[in-house]
Amino acid sequence: MTEVGESRRSRQTNKSAGKSGNPVSRLFRSLAVFISEILAELRKVVRPTRSELWNYTIVVIVFVSVMMALVSGLDFGFQKLVALVFGNGGD
């Protein structure tokens, strides 16, 4: 039975206070739960095959090369534009 004036929240707080225990044991329990959750998530990971990994690597290298060329071209173009606007004749 609940006492007069005791709310549901205070009852839950009283229950959880009994479970808390020693702060050191709570720390180790929390770490154990954390590590077990990490391992459970790692079991769900699908690792790529060697050929998929090779394909992904090629795609990344090509994409980065294209982006480098694009940024270099824009940089060169803006450099020439600024040189024309501020003097120096674009040399």
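Residues numbered from 1 in each chain as written. Predicted model: local features only at pLDDT ≥ 70, side-chain atom pairs only at ≥ 80, totals over all residues. Heavy atoms only, no water.

Enquirer: Residue-level account of a nonpolar patch on the surface, with values.
Expert: On the surface, Val-60, Phe-63, Val-64, Met-67, Met-68, Leu-70, Leu-74, Phe-78, Leu-81, Val-82, Val-85 and Phe-86 cluster together into a nonpolar patch covering about 1200 Å² of accessible area. Note that Val-85 resides in helix 3 (residues 50-85). Given a relative accessible area of 58%, Val-85 falls into the exposed group. (Patch = residues over 30% accessible without salt bridge, like charges linked within 9 Å, V, L, I, M, F, W, Y side chains within 5 Å. Areas by Shrake-Rupley, 256 points an atom, 1.4 Å probe, with all protein chains shown as cover. Salt bridge = Lys/Arg side-chain N within 4 Å of Asp/Glu carboxyl O. Helix = DSSP H or I, 4+ residues; strand = E, 2+ residues; numbered from the N terminus. Buried < 20%, exposed > 50% of the residue type's maximum accessible area, 1.4 Å probe, protein only.)

Enquirer: Explain the pattern of salt bridges residue by residue, including any values.
Expert: Per the counting criterion, the structure on display carries one salt bridge. A salt bridge links Glu-41 to Lys-44; its shortest N-O distance comes to 3.2 Å. With Glu-41 and Lys-44 both in helix 2 (residues 23-44) and three residues apart, this pair spans about one turn of that helix. Lys-44 gets classed as exposed once you look at its relative accessible area, which sits at 57%.

Enquirer: Before we move on, could you go through helix 3 and cite the residues and values that matter?
Expert: Its 36 residues place the ends of helix 3 52 Å apart at the C-alpha level, agreeing with the 52 Å of an ideal helix rising 1.5 Å per residue. At the C-terminal side of helix 3, Gly-87 shows a positive phi close to 100°. (Expected span 1.5 Å × (residues − 1).)

Enquirer: An account of the confidence of the model for the protein is requested, with residue identities and associated values reported.
Expert: Averaged over the protein, the pLDDT score is 84; the fraction of residues at 70 or greater is 75%. Ranking the elements of the protein by mean pLDDT puts helix 1 (residues 8-20) last, at 55, and helix 3 first, at 96. (pLDDT = per-residue confidence, 0-100.)

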